[in-house]
Amino acid sequence: MSANALSTKNPAAATTVRRVGCVSFLNARPLIEGLEDQPDPVVKFDVPSRLLADLESGSVDISLCPVIDLQRSHVPLEVVPVGGIGCDGPTLTVRIYSRVPLRDIKDVYIDTDSHTSIALMRVLLAELYHIKPRLIDYQARERVAENRIVTSPDTMLLIGDKVVTGAPSDGEYPHQMDLGEAWKELTGLPFVFAVWMTRQGSSLGDLPALLDATRRTNSTRIEAIVAKHAKRLGWPDDLAQQYLGHWLKYAISPRELAAMRLFFSKAKEHGVIEELREMRVRAVTLRDE
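A quick note: this is a predicted structure, and the numbers were derived from the prediction, not measured.

S.K.: Tell me about the environment of Asp-40, residues and numbers included.
M.R.: Checked against the element boundaries, Asp-40 lands in the loop between α3 (29–32) and β2 (42–45). The sequence separation of Asp-40 and Ser-63 amounts to 23 residues, and the corresponding C-alpha distance is 15 Å. If near-sequence neighbours (up to four positions away) are discounted, Asp-40 is found in contact with Thr-16, Val-17 and Arg-18.

Structure follows, in structure tokens:
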């Protein structure tokens, strides 16, 4: 039987394309580099705070979502442990900048690009300084908050590439906190900012294996990834090389899963989430690291 005959008999099989949601930041490139050059899967890029809606609506099959979305989603989700964006110490691109000592913070202008970073900041400020500051949404690229221009708030949380390409000086903001470093000092564990997720019961076929293989291959191609993307995104090559190859961690092991569960527990304790949901993990068969 010819391929055309098969296609005619089962057109759905010929037209179904897997869809992957992901951020466009430099830190995600080791997870998806090369996938967007293929017809299947299709990679849809968006900011972290909008990836959840894409997954909930079914417009993507799997998505690299902020981990806090597991606790806030309107539909049941589960972790697909084939990769994520995390750190085991400093992260460089998730940082509080403050003109006042951190224990004296009253308001924080929050970069709204990431749900997890905001939740982690709230947990850390509560755990370390016993404070619960007022949060003000801040469009950091446009420097807009509450419908007005705010060029340099007293305290702000910045995430992503803009921490490197548009961060304020240490002299202007002498009090700073790298959230990944602070979490490591507090708990002794790594932190996971984003992880592959899917809707519970969804059929992914060999997509988890493909994403796992992509991550493993790209772990040996950091220099090439930096050469292709760093300059376009405003990163110095040497800093990007250290960031992707040293500071960030992309594998999801039992240690990372334990860190996620502890984070959710602390988020519930400090009122960051209303209820503590069970964290479901998709069973996948992977090669050892």
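Read on for the rest.
S.K.: Talk me through the packing of helix α10 (residues 222–229) against helix α11 (residues 237–247); I want residue IDs and the actual numbers.
M.R.: Axis separation between α10 and α11 bottoms out at 9 Å; the angle between their running directions is 135°. Classed by the angle they form, the pair α10 and α11 counts as oblique. By crossing handedness, the relation of α10 to α11 is classed as right-handed. Seen from α10, the contacting residues are Ile-222, Glu-223, Ile-225 and Val-226; seen from α11, they are Asp-237, Ala-240, Gln-241, Leu-244 and Gly-245. For the contact of α10 with α11, the class distribution of residues is 5 nonpolar, 2 polar and 2 charged.

S.K.: Tell me about the nonpolar core, and please be specific about residues and values.
M.R.: With 79 residues, the main nonpolar core has Leu-157, Trp-196, Met-260 and Phe-263 as its most contacted residues. Tyr-109, Ala-145, Val-150 and Val-163 belong to the second largest nonpolar core, which has 11 residues in total.

What counts as what
Residues numbered from 1 in each chain as written. Predicted model: local features only at pLDDT ≥ 70, side-chain atom pairs only at ≥ 80, totals over all residues. Heavy atoms only, no water. Helix = DSSP H or I, 4+ residues; strand = E, 2+ residues; numbered from the N terminus. Contact = heavy atoms within 4.5 Å. Axes fitted to C-alpha atoms, helices over the stretch in contact; angles between N-to-C directions. Parallel < 35°, antiparallel > 145°, perpendicular 65-115°, else oblique. Left-handed = near helix turned anticlockwise from the far one by under 90°. Nonpolar A, V, L, I, M, F, W, Y, C, P; charged D, E, K, R; others polar. Core = buried A, V, L, I, M, F, W, Y, C linked by side-chain atoms within 4.5 Å. Buried < 20%, exposed > 50% of the residue type's maximum accessible area, 1.4 Å probe, protein only.

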